Structures are given as C-alpha cells and as structure tokens.
Amino acid sequence: MATAVALGAVALSGCTSPLASRDIYDRLERLGVPRPTQDDQQVSASPYMAQDDAATLPTTSVTLADLLQLAEQTNPELRSSRFAVGVSAGQAWQAGLYPNPTASVRSGEIGFDGDSSNTILGVTQPIVIGNRLRAAVAAADAEEAAKLAEVARVRREVFGRVAELHASVLERDAQIKLVDELISVASKTLSIAETRFEARAVAEPDVIRPRVEVYQLRADRQRLAQELAAAEKQLGLLLRTDPIGADRLIAQIPLMPEPLDEEVLVSAVKLAHPALIVEDREIEPAAASLDRIRAERVPDLNVSAGIGYSDEGDQGIAEIGVGAEIPLWDRRQGDIMSARFELMQRRQNKVVTQNRLLSTLAEELGAYNAARDQLAVIRDQVVPDAQRAFDQIDESYRAGRSSFIELLDAQRTLMQSRRTQIELAGRACVARARIAAICGMDNLVTQNQHTTEHAHMNTQTAPDGAEEDR
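The notes below deal with the structure included here. All values derive from a computational prediction rather than experimental measurement. (Residues numbered from 1 in each chain as written. Predicted model: local features only at pLDDT ≥ 70, side-chain atom pairs only at ≥ 80, totals over all residues. Heavy atoms only, no water.)

With that out of the way, let us pick up the overall build of the chain. When you go through the chain residue by residue, the secondary structure sums to eleven helices and four strands. For the chain, with 470 residues in total, the buried portion stands at 41%. For the chain, the exposed area adds up to about 24900 Å²; of that, 52% sits on carbon and sulfur atoms. (Helix = DSSP H or I, 4+ residues; strand = E, 2+ residues; numbered from the N terminus. Buried < 20%, exposed > 50% of the residue type's maximum accessible area, 1.4 Å probe, protein only. Areas by Shrake-Rupley, 256 points an atom, 1.4 Å probe, with all protein chains shown as cover.)

Here you go:
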C-alpha cells in the first residue's frame, strides 16, 4: 500500500496544466516569437523576425512601406516586446505545473545502546484541493494576452517614429535643394552688384546687402545639411541599418495636404488604439490575480507515505499521514485588498490613457490644420503675388524706372515666401506622421499623392530676372 501511494505521488508530480498538451513553442512562433536556441544566446529565424543580415532595403526608390517592413523585422523595441510574450507564456506554463513531491529518509526510536531503531523511506506529495492551479493559469494566460496586445502598441509607436523621421528627411532635403537654387540666384545678383559697383554705378551698400544674403543662405544650408544628416542617421538607427540617405527615398513633400476628418480619427482612437486594448487586456490579469489569491487561501493537503524497517520487531513497517496548513492568522487579507485596488487602478488607467491619446491627437491635429491653412495662403496667394511683384519690378528695372535695391527686395520677398512654403509643407507632413502614429498608418497619404503634389512645387518660377547686367 505504501509503495502504491509513493508511486501515485510520483505520478502526480508530472501533472501539468492544459498548456503542456500543446506545442507552446510552435504557438509562439505563429505569433512571431522565435524559439530560443540551446545556448540561449541567439534566436532562430522567423518569417516575422528576419536576421539582421537578411533584412535589407532597396538601393534606390525606397518607399515608406519598405521602411515599415524593415522596422517590423529589425527594430529592437518590437523584438523586445515579442520576447515579453514568450516570458509570459513560460510563466503561464509554469503556473499550471503540479507541485513536486518531497522524498525523505528518517530514523526514529534509536536507543542509546543502539539496540533498536526504525528507518523510514517516505514521500510527501502536496495535493491541490482548491482552484489554485486553474486560477494561476488563467492569470498567467491573461498576462500573456496583455503582452501580445503590447506588441501592437509598440509597433504603432515605432511605425509612427519611422514615418516622422521619413517626413523630416524629405523636408530637410527639399529645403536644401531650394536653398541651393536660391544661393545660385543670389550669387548672380551679387555678381551684378559687384560689376556695377566697380563701374561706380551703385554705392557700396548695394553690394553689401546681396553679399550678406549669400552668406546667410550658405549658413542656412550648413545647418540644414547637419539636420538632414542627423535625421538620416536616426532613421538608420531606428531600423538597425546604415544612415538612409534622402536620395534613396522615392516620396516627396506634399504641397497640398488633404483635410482630415477629426471625428473619424477620434473614433479610430477610441475603438482600436492598441494602447487602449492593452489597458483592457491588463484588466483581465488583475481580475484573474484576485481570483488566484482567493483560491490560494485554500491550503494544499500534504499526503505522505513511507516504508521502512523496525529493528525492534525485526519486520517491515509502513506509515501514511495527511497534513494541511491551518489558515488561522494569515488568510491573505492584505494581498486581497491590494489586488482589489490594483483592479480598480487598471480600470481607471484606460480612461487616463484615452484622455492622453485624444489630447495628443487634438494637439497634432491643431498643428496640422494650422500648417495646412498657412500653407494654402502662402501657396495660393503669397507666392503668386511675390512672383508677380518680382516680374513687374524686374520689367520696371529693365526700363530704368526702378532701382536695384527695389529689385533686390522683390527677389528676397519671393525667396522667403518659397522657403516658408517648404517649411510649412514639411511641418504639415511631420504632423501628419504623428497623427498616423496615434490613429494608424492607414491615415498617411499614398506615395502617388506625394509625387503628384511635389510636381506642383517644381513648377514654381525661380527669381532669375537679375541674371545679367542691365
């Protein structure tokens, strides 16, 4: 009988939760979590997580979709969030394992003369009589589901940063190209002023003003070049690759950003934002944890059985016993109270998170609409008027009715309006990327829209009326 009890205890030690009946590693790989190798130093390849040396970008014509795909494969934050799912899965597996038995050898009734003793080989097996194992597995499963939702939240955040840096690179590159064009025009104007000064046709201030303007444009170009290099490097670091040059990107800054429907965006945040889903999922672990603590108040039964030999009776003996902890003083009152408050806290966290997201969305929408409205005025009114004023003064200058200073002022006004146009377009593009980080990447404009709208920017007439000496 004692042997049967001991063997039964050993058999119970192998009992596991239902998780052990399925291949947990295969399930994790389907979720994008790779199987760890034996040395725990590297991870195996996965269709969702390519090795760094296999994840590459096209040499040219890189789209935003290419950047997002690479981020999905290589970004360390995304990879870390996936590994957290594996951590929770392992904890869920462990939570359902049955308690191990304890083996012991003990001797009793040993006489001082050594003429009698009892030696017992025993096994003690805790027997779970409450709902502790099931509650523990439920809590761990809920935690795993929360970690899985966290992956989607991290993905949206990372994708938003990629889109924002993508817009920053495009905006800095467009600024540099425009400044190069303006430097060329300003340099020709300076050359004309210097020629006229040498001929004593103008005073020295007429030379100093275009020279200062050229110096300022060159200084601005150096600043923009540094900012562009930093943005290219940041984009590369985010994707764990070399700096991604603007010359490799196919998209352009749109000069005619489309209007956004605030109600649709707010609805998208409330219904499907991953951070809110995470908060919902984290409520379930808190509730399951409360159930687990309540279940743990029921103590396990410690069933022990042993066989041995008695020297005094010169015969084999057996013993069996049952014991349990008496929950007299500690009935987990403090843990239950903490778990209740944690549940209440997590329910409020969703409201806090939603308010924070909607507040950020309102701020970015305000920045986008402000930039878009200003851009419309600059694009449709200021730049055309500045161009028309320059053309008229240029014609008047040719006829000898306007001074060189008037021509220079008209040129500077046109240059500044065109630079403001690019700055506002870049500001709107960055705000749009930040909105997409909140509401989803589907809210970004298509690459075709970028290219088409950029064509409008390239058709602007350059201020070239002062290219030759008059």
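Structure's up, so let's keep going.
Residues Leu67, Val162, Leu235, Leu239, Ile244 and Leu249 are the most contacted members of the largest nonpolar core, which totals 68 residues. Among the elements of the structure, helix 2 (24-30), helix 3 (64-74), helix 4 (76-95), helix 5 (132-198), helix 6 (205-238), helix 9 (333-398) and helix 10 (404-439) are those that each provide at least two residues to this core. No other element matches helix 5, which puts 21 residues into this core. Here Leu235 is in contact with Leu67, Val162, Leu165 and Ile244, once residues within four sequence places are set aside. If you look at the next biggest cluster of nonpolar residues, it comprises 15 residues, including Leu260, Leu276, Leu365 and Ala371. (Core = buried A, V, L, I, M, F, W, Y, C linked by side-chain atoms within 4.5 Å. Contact = heavy atoms within 4.5 Å.)

For an α-helix, the turn length of 3.6 residues means that residues three or four places apart are oriented alike. Look at helix 10: 52 Å from first C-alpha to last across 36 residues, which is about the 52 Å you get at 1.5 Å a residue. Two residues or fewer past helix 10, Gly440 is found with a positive phi of approximately 115°. (Expected span 1.5 Å × (residues − 1).)

Let us look at the pattern of salt bridges. Counting across every chain of the model gives 22 salt bridges. Salt-bridge contacts for Arg434 lead to Glu164; the nearest nitrogen and oxygen are separated by 2.9 Å. Taken together, the positions of Arg434 in helix 10 and Glu164 in helix 5 put the pair 270 residues apart, joining distant regions of the chain. According to the relative accessible area criterion, Glu164 is partly exposed, its value standing at 23%. (Salt bridge = Lys/Arg side-chain N within 4 Å of Asp/Glu carboxyl O.)

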